[in-house]
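Single-letter residue listing:
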Amino acid sequence: MTMPNPPDGLLDKGRHLYAVRVYYEDTDLSGITYHANYLRWFERARSDLLRRLEIDQRAAIEAGEGAYAVSELTLKYLRPAKLDDDVLIETRCTELGAASCRMHQKAWRGDELLAEAHLRVGFVSPEGRPKRQPEEWRAAFARFAAQEDQ
């Protein structure tokens with residue numbers, strides 16, 4: 001049996017693009033996307049960004065090194081996504097620190113901005129304490145963010 005590839009994003013000039021579709025399970029009784037699903041879509045896009053940057057978060061967790069965790073989040077809803085809409089999640093790294101990075105994510109339906117999030121993601125130890133990101137991970141984020149200027 002041939003298995004289809006799972007959804008995959010792409011890197012484009014300092015931004016990561018990840019497509020999702022609004023399914024029936026994503027909506028409330030009025031056919032509008034339930035607000036918490038934007039958080040799920042944004043998380044999926046960030047997870048895919050890590051994969052695209054060749055950051056193996058699972059290996060770090062299994063080795064007891066730590067993982068990324070959201071420490072701050074501001075989310076603004078502008079327009080509703082509806083059943084069967086194609087939505088594009090755009091992610092940018094706006095600031096990079098030793099233990100964390102700030103990101104800006106947007107959900108688009110065509111040219112319409114549906115929602116946007118400003119967040120801080122920190123690297124934490126298995127005990128949940130802030131910890132410096134692995135240097136190769138920080139370098140991967142720095143290369144990604146620098147592409148925006150090209």
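Because the structure is a prediction, the values reported are computed rather than measured. (Residues numbered from 1 in each chain as written. Predicted model: local features only at pLDDT ≥ 70, side-chain atom pairs only at ≥ 80, totals over all residues. Heavy atoms only, no water.)

Asker: It is not clear to me how a nonpolar patch on the surface should be interpreted in this structure. Could you clarify?
Answerer: On the surface, L39, V70 and L73 cluster together to form a nonpolar patch covering roughly 230 Å² of accessible area. Examined against the element boundaries, V70 turns out to sit in strand β3 (residues 67-77). Overall, the relative accessible area of 41% leaves V70 in the partly exposed class. (Patch = residues over 30% accessible without salt bridge, like charges linked within 9 Å, V, L, I, M, F, W, Y side chains within 5 Å. Areas by Shrake-Rupley, 256 points an atom, 1.4 Å probe, with all protein chains shown as cover. Salt bridge = Lys/Arg side-chain N within 4 Å of Asp/Glu carboxyl O. Helix = DSSP H or I, 4+ residues; strand = E, 2+ residues; numbered from the N terminus. Buried < 20%, exposed > 50% of the residue type's maximum accessible area, 1.4 Å probe, protein only.)

Asker: Would you explain the pattern of salt bridges in this entry?
Answerer: Close approach of charged atoms allows side chains with opposite charge to pair. The final tally for this structure, using the stated rule, is 14 salt bridges. One salt bridge connects R15 with E90, and the closest N-O pair in it is separated by 3.9 Å. Of the two residues, R15 sits in strand β2 (residues 15-21) while E90 sits in strand β4 (residues 86-96), which places them 75 residues apart along the sequence. A relative accessible area of 8% means that E90 is categorised as buried.

Asker: Teacher, can you tell me more about unusual backbone geometry here?
Answerer: Glycine aside, negative phi is the norm for most residues, and most peptide bonds take the trans geometry. The residue E54 is not glycine, and still its phi comes out positive at about 60 degrees. As for its placement among the helices and strands, E54 is situated in the loop between α1 (36-52) and α2 (57-62). We classify E54 as exposed; its relative accessible area is 74%. If you check the backbone angles, D84 has positive phi at about 75 degrees while not being a glycine. Note on placement: D84 falls in the loop between β3 and β4. Among the residues examined, D84 registers a relative accessible area of 55% and is labelled exposed.

Asker: When you look at the pairing of strand β5 (residues 100-109) in this model, what are you seeing that I'm missing?
Answerer: Two faces, one strand: in a regular strand the side chains alternate between the faces of the sheet. Counted residue by residue, β5 has seven buried out of 10 residues, so it is predominantly covered. Strand direction decides the pairing type here: β4 and β5, joined by eight bridges, are antiparallel. In the sheet register, R92 faces β5, and the bridge partner there is H104. Linking β4 to β5, which pair antiparallel, is a turn of three residues. Pairing analysis gives 10 bridges linking β5 to strand β6 (residues 112-124), with the strands arranged antiparallel. Bridge assignment links S100 to a residue of β6, and that residue is G122. The hairpin formed by β5 and β6 contains two residues between the paired strands, and G110 there has a positive phi angle of roughly 65 degrees. (Pairing = 2+ DSSP bridges.)

Asker: Is there a simple way to think about helix α3 (residues 135-146) in this case?
Answerer: Note that an α-helix has 3.6 residues per turn; residues three or four places apart therefore point the same way. Between its first and last C-alpha, α3 extends 16 Å over 12 residues, near the 16 Å set by a 1.5 Å rise per residue. Every buried residue of α3 is accounted for by W137, A140, F141 and F144. Buried residues along α3 cover an arc of 95 degrees about the axis, so they all sit on one side. α3 presents E136 and R143 as exposed residues on the side facing more than 90 degrees away from its buried surface. (Expected span 1.5 Å × (residues − 1). Arc of directions from axis to C-beta.)

Asker: Can you walk me through α1 in this structure?
Answerer: With 17 residues, α1 should reach 24 Å at 1.5 Å per residue; the first-to-last C-alpha distance of 25 Å fits that figure. For α1, the complete set of buried residues consists of N37, Y38, W41, F42, A45, R46, D48, L49 and L50. Note on α1: the residue one or two positions beyond its end, E54, has a positive phi of about 60 degrees.

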